[in-house]
Amino acid sequence: MKNFKKIYSILLVTASLSLTQCSTSFLDVSDELAGQLTMKEVFDNTAYTRNWHRNVFTGIPNSSGMILDAAALTNPWAGASDELKMAQGTLRTLNSSGFNSGNAPFHRWGSLYTLIRQANLFLENAHEIPRSGDTDYIDATELAKMKAQVRFLRAYYHYLLFEQYGPIPVIDKSIDPSGSDIDFERNSIDEVVDFISNELTAVANELDEFITDQNYLALPTKGVALAVKAKLHLYAASPLFNGGYQEALALTNPSGKKLFSAADPSKWNKAETALKEFIDFANSGKYQLYKVNTNGVYDPDKSLYELFMSYNAEIIWANPNQSWGAINGEGVDRRSTPRSENAGFACIAVTQELVDDFFMNDGLSIEESPKYSEQGFSTAGDDITGRTEVGTYNMWVNREPRFYQTVFYHGRKWHLTNRVVKFNRGNGNDNTAADHPWSGYLLYKRISRNVHNQGSFPKSHYRPSIIFRLAEFYLLYAEAMNEVNPGNPLILEYVDKIRERAGIPKLKDIKPEIIGNKDLQREAIRAEMRVELATEGQRYFDVRRWMIAENDAGKGGQGGLFYGMNMGATTESEFFKRTSYENRAFTREMYLYPIPLNEIQKSKKLVQNPGW
């Protein structure tokens, strides 16, 4: 694994050419001709050509980057949604104060259009370099593979822009930033989706079908291309992009082109077809849900933890460049460690709204399960799962395994020291520190339980930053099938695959009454996504594409009062009370991100998203 990390970090370094920035438009790019090199000289040189190719990879997102002012291609999205409260950086105030088109953080626009131009230049100029004596060379096979990967990345970067901004300009050829033709209109939703989908279809069979060499697992494969295409069509079918955002239906370019069209139910059929194509490929032995047995018995706790600790067969694509950091330095591990543990910083807090959405161990929600209580503390024999200590607040007793893998709560023992951690006043983790767990909970998911800032314990733990994994696509497939034909028995079958791995009862066994009911199955699928994918960076985009972000907090809403335990309590007994720590801002224009204001001001053709 060390070799895997080292080799794949090479793919993410910038080109060795001298790079500067121009400022003419959103097509700003590095000066590829710096150092008096002509384009021909760049692409006649094998080292420069390979460096250019590697530089195009630098836009691949890093889901482990979650601290301070995380960039748009890391994972600020968990802290910008109803999953986490971040106590540091822009995210500390973003949710409560909102933003406008001039100060919105986390833009993908400039960095990805830069890389799209770099991709176009590579595709137009890279060529075979014949062997001459003992010199390095690029033959036809290597060139074809490099071009396929770059063509995939160009499509994928358009997809990431579409995910954030909706309709965008499609740039499929290099543009001279010093020329006169550098101002572009936005393409319509349908044009953007068709371009990306057609590119991914064309390139899928040119990529490696599957890679088993750990030194190359981060390269895009056929499976990755099929996954991106499937998710693209699911987005295109969702209400936000498919006629449900009324304000956007009037959005028109200066030329008169409408950017959004009326609702088209057939887009769900396209989504289902694309997802089935990926699922059939995945089920042919390419990917599988990660499961671990302990002494011959399935172990959901170990499975759910280890899934994120190393590369495995559930991962479709991951970024080997990671920002978990060291426990004695910077990173998610330290910031999810209690201050009462050596070097802990305790500033990534889980919202009460996410806590409430985890199921009970009987597979039912807290509203449905007779096991749920917010009164008192557990006594011997109360917790049939054996996952909590006697005396635990009953809200956290008999919850599902994913809850215990995601949420660290008051009174729980820290895994390495066995010390009880508390968040009320006087226990080292309270709100007397500027950076503290505002809700009274800490993030526990994806946190390494091997690192410890003491003695001979390791101080860091390498693991990949997952972009796509199979569990998400099982749920996306169920979502698309439900919109097309709610009577399809495969819908609950794929949801139940996730629940079975999570160690809770299947829906078909405990809720047979929802079978065939589109609304109830939709609700169940969304509830499963909420907890299965918690804090991985997808929730922000899901609540927007479903157009439920304006709901009340706790029902998918991203605005209103958000709650935790009572961090202001002066006694421990007062801590166990739902208490609001923040009034978050959400308005309907936030369904789509604003195009950067400076780009709008420079352009005569770009129109802004609704409301900004």
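Residues numbered from 1 in each chain as written. Predicted model: local features only at pLDDT ≥ 70, side-chain atom pairs only at ≥ 80, totals over all residues. Heavy atoms only, no water.

Undergrad: Which residues make up the overall build of the protein chain, and what values go with them?
TA: For the protein chain, the count of helices and strands is 20 helices and ten strands. Taken over C-alpha atoms, the radius of gyration comes to 25 Å for the protein chain, in line with the 25 Å a tight globule of 612 residues would show. Considered along the principal axes of its C-alpha atoms, the protein chain spans approximately 75 × 60 × 45 Å. In the protein chain, which comprises 612 residues, the share counted as buried stands at 60%. The contacts of the protein chain with a sequence gap of at least 6 include a subset with a gap of at least 24, amounting to 70%. (Helix = DSSP H or I, 4+ residues; strand = E, 2+ residues; numbered from the N terminus. Rg over C-alpha atoms; globule rule 2.2 N^0.38 Å. Buried < 20%, exposed > 50% of the residue type's maximum accessible area, 1.4 Å probe, protein only. Contact = heavy atoms within 4.5 Å.)

Undergrad: Tell me about the packing of aromatic side chains, and please be specific about residues and values.
TA: Enumeration over the complete set of coordinates arrives at 46 aromatic pairs. Here the aromatic rings of Trp 317 and Phe 468 are separated by 6.4 Å at their centres, their planes lie at 35°, and the arrangement is tilted. Pair noted here: Trp 317 is in strand S4 (residues 315-319) and Phe 468 is in strand S8 (residues 465-469), with a separation of 151 residues, a long-range link. Residue class for Trp 317 comes out buried when judged on its relative accessible area of 0%. Taking 6.5 Å as the distance between ring centres and 80° as the angle between the ring planes, the aromatic pair formed by Trp 438 and Tyr 581 counts as edge-to-face. Of this pair, Trp 438 sits in the loop between strand S6 (407-408) and strand S7 (442-443) while Tyr 581 sits in strand S10 (residues 579-584); the two residues are 143 residues apart in sequence, bridging distant segments of the chain. (Phe/Tyr/Trp six-rings, centres within 6.5 Å; stacked < 30°, edge-to-face > 60°.)

Undergrad: Which residues make up the pattern of salt bridges, and what are the values?
TA: Applying the stated criterion across every chain yields a total of 47 salt bridges. Of the charged contacts, one joins Asp 435 and Arg 92 as a salt bridge, the two residues approaching to 3.5 Å between their closest N and O atoms. Of this pair, Asp 435 sits in the loop between S6 and S7 while Arg 92 sits in helix H4 (residues 91-97), and the two are 343 residues apart along the sequence. Classification of Arg 92 as partly exposed rests on a relative accessible area of 28%. When the shortest N-O distance is used, the salt bridge between Glu 199 and Arg 154 registers 2.7 Å. Linking Glu 199 in helix H7 (residues 189-204) with Arg 154 in helix H6 (residues 140-165), this pair joins segments that are 45 residues apart in sequence. (Salt bridge = Lys/Arg side-chain N within 4 Å of Asp/Glu carboxyl O.)

Undergrad: Run through helix H3 (residues 46-55), naming residues and quoting values.
TA: Most of H3 sits out of view: seven of its ten residues are buried. Of the residues making up H3, those classed as buried are Thr 46, Thr 49, Arg 50, Asn 51, Trp 52, His 53 and Asn 55. Contacts from the buried residues of H3 go to helix H2 (39-43), helix H5 (109-125) and H6.

Undergrad: How would you summarise the nonpolar core if you had to cite specific residues and measurements?
TA: Phe 152, Tyr 156, Tyr 157, Phe 278 and Trp 396 are the most contacted members of the largest nonpolar core, which has 181 residues in total. With 14 residues, the top contributor of residues to this core is H6. (Core = buried A, V, L, I, M, F, W, Y, C linked by side-chain atoms within 4.5 Å.)

Undergrad: Would you mind going over helix H14 (residues 470-484) in detail, with residue names and values included?
TA: An ideal rise of 1.5 Å per residue puts 21 Å on 15 residues; H14 measures up with 21 Å between its terminal C-alpha atoms. Most of H14 is tucked away: 14 of the 15 residues are buried. (Expected span 1.5 Å × (residues − 1).)

Undergrad: Go over the environment of Lys 422, please, and point to the residues and values.
TA: Along the polypeptide, Lys 422 turns up in the loop between S6 and S7. The spacing of Lys 422 and Gly 344 is 78 residues in sequence and 13 Å in space, taken between C-alpha atoms. Of the polar contacts made by the side chain of Lys 422, one reaches the side chain of Glu 572; its length is 3.2 Å. (Polar contact = N/O pair within 3.5 Å; in protein donor to acceptor, adjacent residues only side chain to side chain.)

Undergrad: Summarise the packing of helix H15 (residues 490-502) against helix H17 (residues 518-532); cite the residues concerned and give the values.
TA: One way to put it is that H15 packs onto H17 with a least axis distance of 11 Å and a crossing angle of 30°. In terms of their interaxial angle, H15 and H17 are classed as roughly parallel. For the element pair H15 and H17, the recorded crossing hand is left-handed. The residues of H17 that touch H15, namely those facing Ile 491, Leu 492, Val 495, Ile 498, Arg 499 and Arg 501, are Gln 521, Ile 525, Glu 528 and Glu 532. For the contact of H15 with H17, the per-class residue count stands at five nonpolar, one polar and four charged. (Axes fitted to C-alpha atoms, helices over the stretch in contact; angles between N-to-C directions. Parallel < 35°, antiparallel > 145°, perpendicular 65-115°, else oblique. Left-handed = near helix turned anticlockwise from the far one by under 90°. Nonpolar A, V, L, I, M, F, W, Y, C, P; charged D, E, K, R; others polar.)

Undergrad: Which residues make up the side chain of Ser 369, and what values do they have?
TA: For Ser 369, the location among the structural elements is in the loop between helix H12 (352-357) and helix H13 (401-406). For Ser 369, a relative accessible area of 6% translates into the label buried. For Ser 369, the side chain forms a polar contact with the main-chain nitrogen of Lys 371, separated by 3.1 Å. The residues contacting Ser 369, other than those within four sequence positions of it, are Met 360, Asp 362 and Leu 364.

Undergrad: Which residues make up the environment of Lys 173, and what values do they have?
TA: Here Lys 173 is to be found in the loop between H6 and H7. In this structure the C-alpha to C-alpha distance between Lys 173 and Arg 117, which are 56 residues apart in sequence, comes to 7.4 Å. Leaving out residues up to four positions away in the same chain, Lys 173 has contacts with Asn 120 and Glu 124.

Undergrad: Could you give an account of unusual backbone geometry, naming the residues involved and the relevant values?
TA: In this model, Asn 295 sits at a positive phi of 55°, which is unusual for a non-glycine residue. What makes Asn 295 exposed here is its relative accessible area of 78%. Located in the positive-phi region is Met 547, a residue other than glycine, with phi close to 60°. By the secondary structure assignment, Met 547 is in the loop between helix H18 (539-545) and strand S9 (560-564).

Undergrad: With reference to specific residues and values, describe the side chain of Glu 528.
TA: Structurally, Glu 528 is set in helix H17. At 2.6 Å, the side chain of Glu 528 forms a polar contact with the side chain of Arg 402. In contact with Glu 528, not counting residues within four places along its chain, are Phe 359, Arg 402, Leu 475, Val 495, Ile 498, Arg 499 and Ile 504.

Undergrad: So what about the confidence of the model for the protein chain? Which residues, and what values?
TA: Of all residues in the protein chain, 94% attain a pLDDT of 70 or more, and the chain-wide mean is 92. Low pLDDT, under 50, characterises residues 1-30; the predicted model gives this stretch 85 contacts beyond four residues in sequence or across chains. (pLDDT = per-residue confidence, 0-100.)

Undergrad: Lay out the packing of H14 against H17 in plain terms, naming residues and giving numbers.
TA: H17 packs onto H14 with a crossing angle of 165° between their chain directions and a minimal axis gap of 10 Å. When the axes of H14 and H17 are compared, the pair comes out roughly antiparallel. The two elements H14 and H17 meet at a crossing, and its hand is left-handed. Facing H14, whose interface residues are Ala 471, Leu 475, Leu 476, Ala 478, Glu 479, Asn 482 and Glu 483, H17 presents Lys 518, Gln 521, Arg 522, Ile 525, Glu 528, Met 529 and Glu 532. Counted by class, the contact of H14 with H17 contains six nonpolar, two polar and six charged residues.

Undergrad: Please provide a residue-by-residue account of the environment of Phe 43, values included.
TA: By the secondary structure assignment, Phe 43 is in helix H2. If we skip the residues at most four places from it in the chain, Phe 43 touches Thr 49, Trp 52, Leu 121, Phe 122, Asn 125, Ala 126, His 127 and Ile 129.

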